[in-house]
2 protein chains.
Amino acid sequence: MEDLKNVYISPLPDSPYVKPFRFNYTQNGKEKTWDLLEVHDSVAIVVFNVSRKVMIFVKQFRPAIYYNCIHPDDRESKVIDTEKYPASLGIALEMCAGIIDKNKPVIQIAQEEVLEECGYNVPLDQLHKITSYRSGVGVQGSLQTFYYCEVTDDMKTEQGGGVDDEIIDVVEKTIPEIEEMVNSPGPIPSPPSCLFALMWFLHYKADKFRK
Amino acid sequence: MEDLKNVYISPLPDSPYVKPFRFNYTQNGKEKTWDLLEVHDSVAIVVFNVSRKVMIFVKQFRPAIYYNCIHPDDRESKVIDTEKYPASLGIALEMCAGIIDKNKPVIQIAQEEVLEECGYNVPLDQLHKITSYRSGVGVQGSLQTFYYCEVTDDMKTEQGGGVDDEIIDVVEKTIPEIEEMVNSPGPIPSPPSCLFALMWFLHYKADKFRK
């Protein structure tokens, strides 16, 4: 995962992933604009293994995080110096998640993501929808639906790690390790959706697994 | 806040707010690209009023959320029908927050945002840094620093509501109302950073204010 080379920045071509545009509006009589991105809705799944009482995370290299660790003066380099900026800077710890780009029920996409990324085959009736919220308020306002499931070692039928080009590691953390993570001074290499999921779990679920 | 007219989408001009580009890299010998945005780092502040035991939220119209509530077929309209899609669809409930675009200590920007948006004049030594995390892992990986402060009615020296063109309402919620919010089936019109803040408060702070 940490073998990183030939890193450079180039102009955005016509991209299927990032479609920026300008939103124009008049609010309370005042003309305004806001620059936005079109982004897919998504699903995130909190997966807790009750056999060994560990939370299941996915770990992967995230260009957006890596880029933000590069000093602005170095971002314009022809090639980014990966000795100075090793890949480890961009490695994120997240909940299992996926975008909703197929014409399928959201719960089914959640089930597929848990299998593809984490290797657990979870029956649909064991995926509990918790809530949904907006992924962001600035440039992207897509909806993210949040599921919770408890899995056992028996359900681990595949290796996980993603499909196609994905390079994903499955990582497990105990409840004390989760508490240590959310209480660290940071920077925590995780997005707020992951931290919400962890705090939600600690507050509403963890007690029954402690003893 | 909900007087919305002349809504339409146009191509992104050269924008100071949204700067998309392509990140090119070779990971484990495989050439890849990822499309990204350059985004400012930011600060978010959890403000709890201990005089009346209420959490302080800011409420504002967010184009990114509104846009995502418009059916894809209607997004291309010359003008968006605001009878069919009222402004209320785009109104978000968030923690007080701001971007770090000034050459000042982060804690000072936190202090200014609490005053400008919420109207409370908080001494610097009462702003406690909790942690920092990545705002996103997809297109934006900027750092968000998270502060907590307890305020009293005496500290409310200004009206709040933001500066310049900002149209921001200050909203208060009791602890039971926060619990109801995070336990709703959604869509919750808030970003995950707000939900993380609420769960963090419920888990680590709320008990001392209940009785």
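Conventions adopted
Residues numbered from 1 in each chain as written. Chains lettered and ligands numbered in written order. Predicted model: local features only at pLDDT ≥ 70, side-chain atom pairs only at ≥ 80, totals over all residues. Heavy atoms only, no water. Core = buried A, V, L, I, M, F, W, Y, C linked by side-chain atoms within 4.5 Å. Buried < 20%, exposed > 50% of the residue type's maximum accessible area, 1.4 Å probe, protein only. Contact = heavy atoms within 4.5 Å. Phe/Tyr/Trp six-rings, centres within 6.5 Å; stacked < 30°, edge-to-face > 60°. Helix = DSSP H or I, 4+ residues; strand = E, 2+ residues; numbered from the N terminus. Lys NZ or Arg CZ within 6 Å of the ring centre and 35° of its normal. UniProt positions renumbered as here; feature names shortened; annotations may be inferred. Pairing = 2+ DSSP bridges. Axes fitted to C-alpha atoms, helices over the stretch in contact; angles between N-to-C directions. Buried area = accessible area lost by both parts, 1.4 Å probe. Salt bridge = Lys/Arg side-chain N within 4 Å of Asp/Glu carboxyl O. Polar contact = N/O pair within 3.5 Å; in protein donor to acceptor, adjacent residues only side chain to side chain. Least-squares fit on C-alpha atoms with pLDDT ≥ 70 in both. Parallel < 35°, antiparallel > 145°, perpendicular 65-115°, else oblique. Left-handed = near helix turned anticlockwise from the far one by under 90°. Nonpolar A, V, L, I, M, F, W, Y, C, P; charged D, E, K, R; others polar.

## Looking at the nonpolar core
Inside soluble globular proteins, nonpolar side chains tend to come together where they are buried.
Right, so step 1: Counting residues in each nonpolar core, the largest one holds 54 residues, and the members touching the most others are Leu198 and Phe201 of chain A together with Leu198 and Phe201 of chain B.
Right, so step 2: Beyond its immediate chain neighbours, meaning those up to four positions away, phenylalanine 201 of chain B contacts Phe48, Met55, Tyr148, Ile175, Ile178, Ala206 and Phe209 of chain B.

## Remarks on the packing of aromatic side chains
Right, so step 1: According to the stated counting rule, one finds 30 aromatic pairs over all chains in the structure shown.
Right, so step 2: Where phenylalanine 21 of chain A meets tyrosine 67 of chain B, the ring centres are 4.5 Å apart and the plane angle is 45 degrees; that geometry is what we call tilted. Of the two residues, phenylalanine 21 of chain A sits in strand β2 (residues 19-27) while tyrosine 67 of chain B sits in helix α1 (residues 63-68), which places them in two different chains. Per residue, the accessibility class of phenylalanine 21 of chain A equals that of tyrosine 67 of chain B, and both read buried.
Right, so step 3: By way of ring pairs, the aromatic residues Phe48, Tyr133, Phe146, Tyr148, Phe196, Trp200, Phe201, Tyr204 and Phe209 of chain A are connected into one cluster.
Right, so step 4: One residue, arginine 75 of chain A, lies across the ring of tyrosine 67 of chain A, its end atom 4.4 Å from the ring centre.

## Considerations on the UniProt feature "domain: Nudix hydrolase" (unreviewed entry) in chain A
Right, so step 1: Residues given the UniProt feature "domain: Nudix hydrolase" (unreviewed entry) here are residues 38-195 of chain A.
Right, so step 2: Here residues 38-195 of chain A runs as 23% helix and 30% strand, with 24 Å between its end C-alpha atoms.

## Here's the deal with the sheet that holds strand β1 (residues 4-11) of chain A
Right, so step 1: Sheet architecture is open: three strands sit in the order β1(A)-β2(B)-β3(B), paired in antiparallel fashion. In this open sheet, the two strands that pair with only one neighbour each are β1 of chain A together with β3 (30-38) of chain B. Going across the sheet, the axis of each strand differs from the next one's by a mean of 25 degrees, ignoring polarity.

## Examining the interface of chain A and chain B
Right, so step 1: Contacts between chain A and chain B engage 83 residues on the former and 84 residues on the latter.
Right, so step 2: Together, the buried faces of chain A and chain B total about 7,400 Å²; carbon and sulfur atoms form 60% of this surface.
Right, so step 3: Where chain A packs against chain B, one counts two salt bridges.
Right, so step 4: The partner of arginine 75 of chain B in a salt bridge is glutamate 38 of chain A, and the shortest N-O contact between them spans 3.5 Å.
Right, so step 5: Applying the counting rule to chain A against chain B returns 33 residue pairs in polar contact (both at pLDDT 80 or more).

## Looking at the sheet that holds strand β3 (residues 30-38) of chain A
Right, so step 1: The strand order across the open sheet built from three strands is β3(A)-β2(A)-β1(B), with neighbouring strands paired in antiparallel fashion. Of all the strands in the sheet, the pair left with one neighbour each is β3 of chain A together with β1 (4-11) of chain B. The mean inter-strand angle of the sheet, taken between neighbouring strand axes irrespective of direction, is 25 degrees.
Right, so step 2: Looking at chain direction, β2 of chain A and β1 of chain B are connected through six bridges and run antiparallel. Of the residues in β1 of chain B, the one forming a bridge with glutamine 27 of chain A is leucine 4 of chain B.

## Thoughts on the relation of the copies chain A and chain B
Right, so step 1: With an axial shift of 0.0 Å and an RMSD of 0.0 Å, the rotation relating chain A to chain B amounts to 180 degrees. Seen this way, the second copy is the image of the first under a two-fold rotation axis. When each C-alpha of chain A is compared by its distance to the rotation axis, phenylalanine 196 of chain A comes out closest, at 2.0 Å.
Right, so step 2: Comparing contact sets, 100% of the residues at the interface of chain A also lie at the interface in chain B, consistent with an isologous, same-surface contact.

## A word on the packing of helix α4 (residues 175-182) of chain B against helix α5 (residues 192-204) of chain B
All names here are of chain B.
Right, so step 1: Where α4 meets α5, the closest approach of the two axes is 11 Å, and the angle between their N-to-C directions is 130 degrees. The angle between α4 and α5 places the two elements in the oblique class. Between α4 and α5 the crossing geometry is left-handed. On α5, the residues that touch Ile175, Ile178, Glu179, Met181 and Val182 of α4 are Cys194, Leu195, Leu198, Met199, Phe201 and Leu202.
Right, so step 2: When its residues are assigned to classes, the contact of α4 with α5 shows ten nonpolar, no polar and one charged.

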